[in-house]
Amino acid sequence: MTVAHQDAPRTLHRVGARPPFFVYLRQAWERRDFAFEMAKSRIQATNQRNRLGMLWIIFKPTMNALMYGLIFGLLQGSSRPPNFASFVVIGVFLFEFFSASMNQGAKAITSNTSLVQSLSFPRMTLPFSTVIEQFLSLMPMLGVMFIYCLVLGNPISVSWLLIFPLVAILSVMNMGVALICARLTVHIRDLTHLLPIFTRILFYTSGVLFSVDRILSHWPWMVRIFDFHPVYQTLQIARGAMLETVPLQGLHSWLVLSVWAVALAIFGVIFFWTAEERYGRDN
């Protein structure tokens, strides 16, 4: 009886304790179906609330592309790139995926407080779910983007298939960004108000609406900075794949984007995991 009494405490585990890193990753992977179903249910709930339903996912970036295209097309004058309509459509649609993943991922923990406080599961599942949600929303947007580019006079090419590995790499980067923002927002609630401002700044400085080579032709050192800009490289790869007026991007662009994606994903996972015990207590 004495031996049993002495050994008993060794089997006890602190409630809410952070699991070892690789155990945590395995637990998160085992709940991938939960993350996927949560993403689908949010899309369905959003579509039910909106009169346009699923069409709103396509309508919003389309109107943004039209509005920005008209305004910035006029402002740029002769400096706007050729095939400007297709140029803007690709930029707006893909940037929408990145910005929505970041902004919604930032609220993944704080907007699910009751779930976090009542159930035991890897909190990483929640930011993952938001990125999956945005990925699922992107799929019909890609179809519409292909149609727009075709209607605007861009012939179908085998290079269009490069969009799919590009989206896969971008999704990995979005996962890392969402994890980083999700943890920061738990500690700094005001970040939810600052992120849209940061997103807007990034939108106007990532080449979504202008050709970097044309606008910054007098400042070659600034053009070289964009050679390592992950969002800009994403848009350039997509435009090079789909538009004849933009050169097909080489290994450098793919390498820059891949390094950013892997680095942000690894850092994001570790950064988020180290605060696992605080989620549900700080928010």
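Residues numbered from 1 in each chain as written. Predicted model: local features only at pLDDT ≥ 70, side-chain atom pairs only at ≥ 80, totals over all residues. Heavy atoms only, no water.

Some details on the packing of aromatic side chains
If you walk through the whole model with that rule in mind, you get 13 aromatic pairs. Centroid distance Phe-146 to Phe-164: 6.2 Å. Interplanar angle 65°. Geometry classified as edge-to-face. Remark: Phe-164 occurs in helix 8 (residues 163-187) and Phe-146 occurs in helix 7 (residues 125-151); sequence separation between them is 18 residues. The class for Phe-146 is buried, based on a relative accessible area of 18%. Since its relative accessible area comes to 44%, Phe-164 is described here as partly exposed. Among the aromatic side chains, those forming a connected cluster through ring pairs are Phe-95, Phe-98, Phe-203 and Tyr-204. Across the ring face of Phe-203, the terminal group of Arg-200 is positioned such that the distance to the ring centre comes to 5.5 Å. (Phe/Tyr/Trp six-rings, centres within 6.5 Å; stacked < 30°, edge-to-face > 60°. Helix = DSSP H or I, 4+ residues; strand = E, 2+ residues; numbered from the N terminus. Buried < 20%, exposed > 50% of the residue type's maximum accessible area, 1.4 Å probe, protein only. Lys NZ or Arg CZ within 6 Å of the ring centre and 35° of its normal.)

Notes on the nonpolar core
What tends to happen in soluble globular proteins is that the nonpolar side chains get buried as a cluster. Ranked by size, the top nonpolar core spans 52 residues in total, and within it Ile-90, Phe-98, Met-145, Ile-163, Leu-166, Met-173 and Met-242 carry the most contacts. Mapped onto this core, the elements with two or more residues apiece are helix 4 (55-76), helix 5 (84-106), helix 7, helix 8, helix 9 (191-204), helix 12 (230-242) and helix 13 (251-273). For this core, the leading source of residues is helix 5, giving 13 residues. The residues contacting Leu-166, other than those within four sequence positions of it, are Leu-94, Thr-234, Ile-237, Ala-238, Trp-254 and Leu-257. Ala-108, Ile-109, Leu-179 and Ala-275 belong to the second-largest nonpolar core, a separate cluster that totals 18 residues. (Core = buried A, V, L, I, M, F, W, Y, C linked by side-chain atoms within 4.5 Å. Contact = heavy atoms within 4.5 Å.)

Description of helix 13
Taking 1.5 Å as the rise per residue, helix 13 with 23 residues should run 33 Å; its terminal C-alpha atoms sit 33 Å apart, in good agreement. Of the surrounding secondary structure, the elements contacted by the buried residues of helix 13 are helix 2 (21-30), helix 7, helix 8 and helix 12. (Expected span 1.5 Å × (residues − 1).)

Side note on empty space enclosed by the protein
The gaps left among the atoms become clear once a water-sized probe is rolled over them. Enumeration over the complete set of coordinates arrives at one cavity of 30 Å³ or more. Roughly 30 Å³ of volume is contained in the largest cavity. Forming the walls of the largest cavity are Leu-94, Phe-95, Phe-98, Leu-170, Met-173, Val-231, Thr-234 and Leu-235. Among the residues forming the lining of the largest cavity, the class breakdown is seven nonpolar, one polar and no charged. (1 Å grid on protein atoms, 1.4 Å probe; cavity = no way out; pocket = protein on both sides within 12 Å on 5 of 7 lines; lining within 4 Å. Points joined across faces, edges and corners; volume = space filled by probe spheres on them. Nonpolar A, V, L, I, M, F, W, Y, C, P; charged D, E, K, R; others polar.)

Concerning unusual backbone geometry
At Asn-83, a position not held by glycine, the phi torsion is positive, near 55°. Checked against the element boundaries, Asn-83 lands in the loop between helix 4 and helix 5. Given the relative accessible area of 24%, Asn-83 is considered partly exposed.

A word on the confidence of the model for the chain
Averaged over all residues, the pLDDT of the chain equals 85, while 87% of them reach at least 70. The secondary structure element of the chain with the lowest average pLDDT is helix 1 (residues 2-7), at 48, and the one with the highest is helix 13, at 96. Every residue in residues 1-9 is under pLDDT 50, and counting partners more than four places away or in other chains gives zero contacts. (pLDDT = per-residue confidence, 0-100.)

Some details on the environment of Leu-255
Within the secondary structure, Leu-255 sits in helix 13. Assessed through its relative accessible area of 52%, Leu-255 is described here as exposed. On a C-alpha basis, the gap between Leu-255 and Gln-233 in space is 9.7 Å, while along the polypeptide they are 22 residues apart.

Here we look at the pattern of salt bridges
Once their charged atoms are close, side chains differing in charge can pair, the charge on each being opposite to the other. Across all of its chains, the model carries three salt bridges by this definition. Across the pair Arg-26 and Glu-30 runs a salt bridge, and its minimum N-O distance is 3.6 Å. Of this pair, Arg-26 and Glu-30 both sit in helix 2, four residues apart, which is roughly one turn of that helix. You can call Glu-30 partly exposed: its relative accessible area is 49%. (Salt bridge = Lys/Arg side-chain N within 4 Å of Asp/Glu carboxyl O.)

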